[in-house]
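Examination of the molecular architecture
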Amino acid sequence: MTSSQSGSLSTHAYQDSTPMPADVPKVAEIGVTSAPLKSAAFFLGAYCKEFNDDFMLCKNESRDPGHCLKEGRRVTRCATDLITKMRENCLQQFESHWECLERNNQEYHLCRKPERTLNSCMFEKLGLTKTIPGSPAGKLPIHEVQNPIYKGIQK
Amino acid sequence: MPPTGGFESLKYKRNLPYKGPGAYVLLGGVTAICAYGFYRLGKGNLERRELQREKVWSRIHLVPLFLAEGDRDMYRRQQAAIAREKEIMKDVPGWEAGKSVYNSSKYRSPEIVIL
């Protein structure tokens with residue numbers, strides 16, 4: 001009754017199988033792995049800025065997980081929406097970038113070439129640009145430097 | 001008697017063949033190479049700082065998404081734990097399931113996790 005797992009040592013990770021209370025609206029989880037998320041991170045920050053800020057301000061009020069469920073659902077829906085749009089508009093560029101990240105320890109500076117094609121595609125199709133907050137003014141942002149010192153050894 | 005044509009001239013001059021560039025050239029060269037190296041190092045440090053900023057911001061942008069997903073799971077398990085507590089303590093009059101042990105409305109993550 002109290003636990004869905006026997007008291008003896010178990011070989012599999014414990015999972016609470018109790019479903020979400022029925023009064024909470026359902027939302028599909030994002031279900032995207034780390035590399036595509038890292039590839040989409042800056043566009044996510046640009047596209048879902050209002051929802052993200054709203055959610056984080058709400059979390060600032062209270063850390064209670066039940067406090068910001070509504071805002072959290074909006075955040076997840078917005079992220080799912082962006083990933084769908086990216087896949088509709090820039091599927092090939094998106095995939096080549098995140099596969100490059102997957103191969104290169106998820107380092108941005110080793111995947112500038114596919115990143116630039118993705119950035120230009122995202123700007124053309126969706127009007128989203130990658131901006132890094134806080135980078136020094138008057139200098140080229142690091143993702144646009146043509147001949148950086150830190151780059152892959154192989155051409 | 002001396003040989004005809006006289007004696008061969010004596011080799012008394014120092015014979016020091018050329019052994020590469022001089023000290024000042026070497027010193028200058030080493031200084032120049034080091035200066036260029038330090039210049040590249042400084043550039044690289046600035047660049048690494050920017051790469052770090054890029055990495056950090058890519059994670060900051062993802063924080064709300066992960067936090068929202070984690071919150072939903074946490075909320076679900078919390079509700080399950082409260083339901084279990086209610087079931088166990090149903091015979092104890094005046095028991096409030098899920099009540100904090102502290103006299104404060106501030107949220108605290110649960111100290112007991114049932115496996």
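All of the points below concern the structure found in this document. Keep in mind it's a predicted model, so treat the numbers as computed, not measured.

When its secondary structure is counted, chain A shows five helices and zero strands. Helices and strands appear in chain A in the N-to-C order α-α-α-α-α. Principal-axis analysis of the C-alpha atoms gives chain A an extent of 65 × 35 × 30 Å. Here chain A holds 155 residues, and 38% of them are scored as buried. Sequence-distant contacts, at least 24 apart, represent 64% of the contacts inside chain A between residues at least 6 apart. Surface exposure of chain A reaches about 9,300 Å², of which carbon and sulfur atoms provide 52%. Once the 20 positive and 18 negative side-chain charges of chain A are each reduced to a mean point, those two points are 7 Å apart.

The next thing to look at is the packing of helix α1 (residues 34-47) of chain A against helix α1 (residues 23-88) of chain B. It is at 8 Å that the axes of α1(A) and α1(B) come closest, and there the two elements cross at 80°. As far as their axial angle goes, α1(B) and α1(A) are roughly perpendicular. Within the contact between the two elements, α1(A) uses A:L37, A:K38, A:A41, A:F42, A:L44 and A:G45 and α1(B) uses B:E54, B:K55, B:W57, B:S58, B:H61, B:L62, B:L65 and B:F66. Taken together, the residues of the contact of α1(A) with α1(B) break down into eight nonpolar, three polar and three charged.

Core analysis: the largest hydrophobic core is formed by 35 residues, its most contacted members being A:F43, A:L44, A:M86, A:L118, A:M122 and B:L65. At the level of elements, α1, α2 (49-61), α3 (69-89), α4 (91-103) and α5 (112-126) of chain A together with α1 of chain B are the ones that each hand at least two residues to this core. A total of seven residues in this core trace back to one element, the largest contributor, which is α1(A). What B:L65 contacts, discounting residues up to four positions off in sequence, is A:I30, A:L37, A:L44, A:V75, A:T76 and A:A79.

A separate point is the interface of chain B and chain A. Each partner contributes to the interface: chain B provides 37 residues, whereas chain A provides 52 residues. Of the roughly 4,000 Å² buried at the junction of chain B and chain A (both faces included), carbon and sulfur atoms supply 68%. Linking chain B to chain A there are five salt bridges. Residues B:R84 and A:D16 are paired through a salt bridge, measuring 3.7 Å at the closest nitrogen-oxygen approach. Counting across the interface, chain B meets chain A through 12 residue pairs in polar contact (both at pLDDT 80 or more). Classifying every residue of the side of chain B that touches chain A gives 17 nonpolar, five polar and 15 charged.

What follows concerns the layout of surface pockets. The space that makes up the largest pocket amounts to roughly 1,100 Å³. Looking at the largest pocket, it is lined by 32 residues, and the ones nearest its centre are B:A81, B:E85, B:G98, B:P110 and B:I112. Each residue belonging to the lining of the largest pocket can be placed in one class, and the counts come to 15 nonpolar, seven polar and 10 charged. Of the voids in this model, the second largest pocket is the one considered here, and its volume is about 570 Å³. Lining the second largest pocket are 20 residues, and of these A:L110, A:K113, A:K151, A:G152 and A:Q154 sit closest to its centre. Contributions of two or more residues to the lining of the second largest pocket are made by α4 and α5 of chain A. Looking at the lining of the second largest pocket residue by residue, the class counts come to eight nonpolar, six polar and six charged.

About the criteria used
- Residues numbered from 1 in each chain as written.
- Chains lettered and ligands numbered in written order.
- Predicted model: local features only at pLDDT ≥ 70, side-chain atom pairs only at ≥ 80, totals over all residues.
- Heavy atoms only, no water.
- Helix = DSSP H or I, 4+ residues; strand = E, 2+ residues; numbered from the N terminus.
- Buried < 20%, exposed > 50% of the residue type's maximum accessible area, 1.4 Å probe, protein only.
- Contact = heavy atoms within 4.5 Å.
- Areas by Shrake-Rupley, 256 points an atom, 1.4 Å probe, with all protein chains shown as cover.
- Lys, Arg positive; Asp, Glu negative; His and termini not counted.
- Charge placed at Lys NZ, Arg CZ, Asp CG, Glu CD.
- Axes fitted to C-alpha atoms, helices over the stretch in contact; angles between N-to-C directions.
- Parallel < 35°, antiparallel > 145°, perpendicular 65-115°, else oblique.
- Nonpolar A, V, L, I, M, F, W, Y, C, P; charged D, E, K, R; others polar.
- Core = buried A, V, L, I, M, F, W, Y, C linked by side-chain atoms within 4.5 Å.
- Buried area = accessible area lost by both parts, 1.4 Å probe.
- Salt bridge = Lys/Arg side-chain N within 4 Å of Asp/Glu carboxyl O.
- Polar contact = N/O pair within 3.5 Å; in protein donor to acceptor, adjacent residues only side chain to side chain.
- 1 Å grid on protein atoms, 1.4 Å probe; cavity = no way out; pocket = protein on both sides within 12 Å on 5 of 7 lines; lining within 4 Å.
- Points joined across faces, edges and corners; volume = space filled by probe spheres on them.

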